[in-house]
Amino acid sequence: MRPLLLSGGPAVGKTTCARALAADQKRAAYIDGDDISQLVVAGAATLWSGPEGRAQHALAARNTASLARNLSDAGFAVTASDVVTAEVLPVYRAQLPACFIVHLAITLDEARRRATTRPVYITEEEFELLHRMSATPPPVDLVLDVTGMTVDDQIERIRDAWVEAESAVR
């Protein structure tokens with residue numbers, strides 16, 4: 001399968017869906033872009049903290065793509081999650097050209113509702129800022145509005161699109 005990258009704002013289901021889709025495969029790996037970013041333990045900057053934050057986000061995207069490429073080359077199906085901005089989309093396209101990128105869209109109210117069901121590691125202001133930043137996605141392969149969908153519905157729709165994207169390449 002082509003590597004699958006799920007993007008979108010907070011509480012949209014990137015991690016949940018990407019993990020579940022990887023777990024459905026015979027041999028697969030899941031890469032969390034947040035985990036890659038958090039490898040920087042001194043001098044870390046957030047995506048929303050200016051030029052240094054954007055530079056570190058691009059570095060994390062290069063590292064995510066490299067890890068995905070290595071795992072894919074070793075025969076693993078790969079899913080990943082990250083907030084794909086207009087600045088890092090070219091990084092993913094260059095570093096992981098076969099990647100199928102799906103942006104999950106959701107209303108702010110639905111995102112807030114979902115956020116109450118899980119731990120949140122950012123402030124309310126950061127949550128809203130990330131939601132606004134991802135409200136207009138860059139030109140990814142598919143934008144899927146998941147507002148009102150159950151997790152199972154989301155996973156099914158993404159799986160169907162991933163399989164279709166794989167078939168289109170062959």
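In this report, the structure presented in the accompanying data block is examined. (Residues numbered from 1 in each chain as written. Predicted model: local features only at pLDDT ≥ 70, side-chain atom pairs only at ≥ 80, totals over all residues. Heavy atoms only, no water.)

## Regarding a negative patch on the surface
Threshold: The patch calculation keeps residues exceeding 30% relative accessible area without a salt bridge and links them within 9 Å when they carry like charges or within 5 Å when they are nonpolar (Val, Leu, Ile, Met, Phe, Trp, Tyr). Using the Shrake-Rupley algorithm and a 1.4 Å probe, accessible areas are obtained, with residue cover drawn only from the displayed protein chains. For salt bridges, the criterion is a side-chain nitrogen of Lys or Arg within 4 Å of an Asp or Glu carboxyl oxygen. Charged residues are defined narrowly, with Lys and Arg counted positive, Asp and Glu counted negative, and His plus the chain ends left uncounted. We put the charge of a Lys on NZ, of an Arg on CZ, of an Asp on CG and of a Glu on CD. By the criteria applied, helices consist of DSSP H or I runs no shorter than four residues and strands consist of E runs no shorter than two, each listed in order from the N terminus.
Together, Asp152, Asp153, Glu156, Asp160 and Glu164 give the surface a local cluster of negative charge. As for its position among the elements, Glu156 is in helix 7 (residues 151–169).

## Focus: the nonpolar core
Rule in force here: Nonpolar core, defined: a set of buried Ala, Val, Leu, Ile, Met, Phe, Trp, Tyr and Cys residues in which side-chain atoms within 4.5 Å join the residues together. Burial classes follow relative accessibility: with a 1.4 Å probe on protein chains only, a residue under 20% of its type's maximum area counts as buried, one over 50% as exposed, and anything between as partly exposed. Residues are treated as being in contact if the distance between any of their heavy atoms lies within 4.5 Å.
Ranked by size, the top nonpolar core spans 24 residues in total, and within it Leu4, Leu6, Leu104 and Ile158 carry the most contacts. Listing elements by their share of this core, those giving two or more residues are strand 1 (4–8), helix 1 (14–23), strand 4 (100–105), helix 5 (108–115) and helix 7. Per-element accounting of this core gives the leading share, 5 residues, to helix 7. Every residue in contact with Leu104, bar those within four places of it in the chain, is listed here: Leu6, Ser7, Gly8, Gly9, Val12, Gly13, Lys14, Leu144, Val146, Gln154 and Ile158. Judged by nonpolar contacts, the second largest core, of 19 residues, contains Ile36, Val88, Leu96 and Ile101.

## What about helix 1?
How we decide: What the arc measures is the spread of directions leading from the helix axis to the C-beta atoms.
For helix 1, the full list of buried residues reads Lys14, Cys17, Ala18, Leu21 and Ala22. Taken end-on, helix 1 shows its buried residues confined to a sector of 130 degrees, consistent with a single buried face. Residues of helix 1 that are exposed and point more than 90 degrees away from the buried face comprise Arg19 and Ala23.

## What about the pairing of strand 4?
The cut-off we apply is this: At least two bridges found by DSSP between two strands are what make those strands a pair.
With 5 of 6 residues buried, strand 4 is to be regarded as a mostly interior element. Strand direction decides the pairing type here: strand 4 and strand 5 (residues 142–145), joined by 4 bridges, are parallel. In the sheet register, His103 faces strand 5, and the bridge partner there is Val143.

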